[in-house]
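What follows is each chain in one-letter form.
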Amino acid sequence: TLYYTNSGYYRTIEAQKYIAAHRLEWNPHSRFRLAFAEAVIFGERNPELAYLIPINLFYSAEHDLGDEDNALMSFDATWIPWPSFKLFGELLIDDITTGKLGSDFFGNKLGWLGGFSWVEPGDFRNLDASFEIVQLRPFVYTNRYPVNVYTHWTAPLGYHNPPNSQTLYSSLRYRPHRRVCLQGSWTYLKHGANSDDLNAGGDIHLPHKQGTSEDAPFLGGDLQESNQFVLEGRYELLLGLYLLSLIHI
């Protein structure tokens, strides 16, 4: 958002913000899928023609354009080893310096997700279970230019928890009737939050500041831990219209 004044009057100009993305999927087997995806956030200028070419690599295009935008890439896979059981995983690369992999270098902004879903485990009909673990390194999704942050308004476009965090999530869902769904879930979050005197990479809107330490340990900063249990009941009155009841513990 930009603004200027004239004779004591303020005028606000909303900066234009754009996202371009593409995805390639390959199914070498009916139970196995591999995928590659890219996205780039940019703004404060007209739409960029280089990002409209479907076969163009955004990382290369963004570098050729002067490294002024925020490009991300990801690799994911899904495997169904047997019917009703699915394994899945994803690797997100926001920024990477291969020579500093394994260190606390702030510029290695990586994230990964892994988990499984199991339909009718142990022959319990109409029941399904899922589990996943997600780790986001410090400064993931951030950018030195506010318009390029990986958000829409105040909501993240990627994973909903903040950077510099680890999330464990599990759920059980039961459908006694096609219109009724009962679900219980548990979320355990560890977050390396920023403090008054340290930017630990725990806020999507606060990028690394030039001239400060290049080290950003995973879950460094003000370590915060939380548990959340949610009980949910849902009834579908009409197609797409639900009555919902939630209990947070």
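Quantities reported herein were computed from a predicted structural model and do not represent experimental measurements. (Residues numbered from 1 in each chain as written. Predicted model: local features only at pLDDT ≥ 70, side-chain atom pairs only at ≥ 80, totals over all residues. Heavy atoms only, no water.)

Draft legend 1. Quick peek at the overall build of the protein. Across its full length, the protein carries 1 helix and 14 strands. A principal-axis box enclosing the C-alpha atoms of the protein has dimensions of 65 × 50 × 40 Å. The 249 residues of the protein split such that 35% are buried. Sequence separation of at least 24 residues holds for 56% of the intrachain contacts in the protein that already meet a minimum separation of 6. Accessible area for the protein stands at about 15,700 Å²; split by element, carbon and sulfur atoms hold 59% of it. Of the charged side chains in the protein, 19 are positive and 28 negative; the average position of the first set lies 9 Å away from that of the second. (Helix = DSSP H or I, 4+ residues; strand = E, 2+ residues; numbered from the N terminus. Buried < 20%, exposed > 50% of the residue type's maximum accessible area, 1.4 Å probe, protein only. Contact = heavy atoms within 4.5 Å. Areas by Shrake-Rupley, 256 points an atom, 1.4 Å probe, with all protein chains shown as cover. Lys, Arg positive; Asp, Glu negative; His and termini not counted. Charge placed at Lys NZ, Arg CZ, Asp CG, Glu CD.)

Draft legend 2. Broad picture of the packing of aromatic side chains. Under the criterion given, the structure shown has 12 aromatic pairs. Aromatic pair F85 and W118: ring centres 5.6 Å apart, planes at 85°, arrangement edge-to-face. Of the two residues, F85 is situated in strand β6 (residues 85–95) and W118 in strand β7 (residues 109–119); the sequence distance between them amounts to 33 residues. F85 sits in the buried class, given a relative accessible area of 11%. Counting every residue linked through ring pairs, the aromatic cluster contains W82, F85, F116, W118 and F131. Its guanidinium or amino end placed over the ring of F105, K100 lies 4.2 Å from that ring's centre, counting from NZ or CZ. One cation-aromatic arrangement involves R234 over Y242; the distance from NZ or CZ to the ring centre is 5.2 Å. (Phe/Tyr/Trp six-rings, centres within 6.5 Å; stacked < 30°, edge-to-face > 60°. Lys NZ or Arg CZ within 6 Å of the ring centre and 35° of its normal.)

Draft legend 3. Here's a closer look at the nonpolar core. Core analysis: the largest hydrophobic core is formed by 13 residues, its most contacted members being L136, Y141 and Y150. Breaking this core down by element, the ones donating at least two residues are β4 (32–43) and β8 (127–136). Those residues in contact with L136 that lie beyond four places of it in its chain are L110, G111, Y141, Y159, N161, P162, P163, N164, S165 and F218. If you look at the next biggest cluster of nonpolar residues, it comprises 8 residues, including V40, Y51, F58 and A61. (Core = buried A, V, L, I, M, F, W, Y, C linked by side-chain atoms within 4.5 Å.)

Draft legend 4. How the structure looks around the pattern of salt bridges. In total, this model carries 10 salt bridges according to the counting rule given. For E25, the salt bridge goes to R23, with nearest N and O atoms at 2.8 Å. The closest approach of N and O atoms between D95 and K109, which form a salt bridge, is 3.3 Å. Remark: K109 occurs in strand β7 and D95 occurs in strand β6; sequence separation between them is 14 residues. Sharing partners across several salt bridges, the network here consists of R23, E25 and D76. (Salt bridge = Lys/Arg side-chain N within 4 Å of Asp/Glu carboxyl O.)

Draft legend 5. Spatial organisation of the environment of Y235. Within the secondary structure layout, Y235 lies in strand β13 (residues 222–238). With a relative accessible area of 36%, Y235 lands in the partly exposed category. Residues Y235 and Y141 lie 94 residues apart in sequence; the distance between their C-alpha atoms is 36 Å. Filtering out sequence-adjacent residues up to four positions away, Y235 remains in contact with R179, V180, L241, Y242 and L243.

Draft legend 6. Representation of the side chain of D69 in the model. Summarising the element assignment, D69 is placed in the loop between α1 (58–64) and β5 (70–82). A polar contact is formed between the side chain of D69 and the side chain of R45, at a distance of 2.9 Å. One polar contact links D69 to Y51, side chain to side chain, over a distance of 2.6 Å. Sequence-distant contacts of D69, defined by excluding residues within four places in its chain, comprise V40, I41, F42, R45, Y51, E62, N143 and N148. (Polar contact = N/O pair within 3.5 Å; in protein donor to acceptor, adjacent residues only side chain to side chain.)

Draft legend 7. Spotlight on the environment of H29. One can find H29 in strand β3 (residues 17–29). Residues H29 and I80, 51 residues apart in the sequence, show an inter-C-alpha distance of 10.0 Å.

Draft legend 8. A look at the sheet that holds strand β11 (residues 165–177). With respect to topology, 10 strands assemble into an open sheet ordered β3-β4-β5-β6-β7-β8-β11-β12-β13-β14, the strand pairing being antiparallel. Looking at the sheet topology across the chains shown, the edges are occupied by β3 and β14 (241–248). With direction set aside, neighbouring strand axes in the sheet form an average angle of 15°. Judged from the 14 bridges that link them, strand β12 (residues 180–193) and β13 form a sheet pairing that is antiparallel. Its bridge partner lying in β13, S185 is registered against V230. (Pairing = 2+ DSSP bridges. Axes fitted to C-alpha atoms, helices over the stretch in contact; angles between N-to-C directions.)

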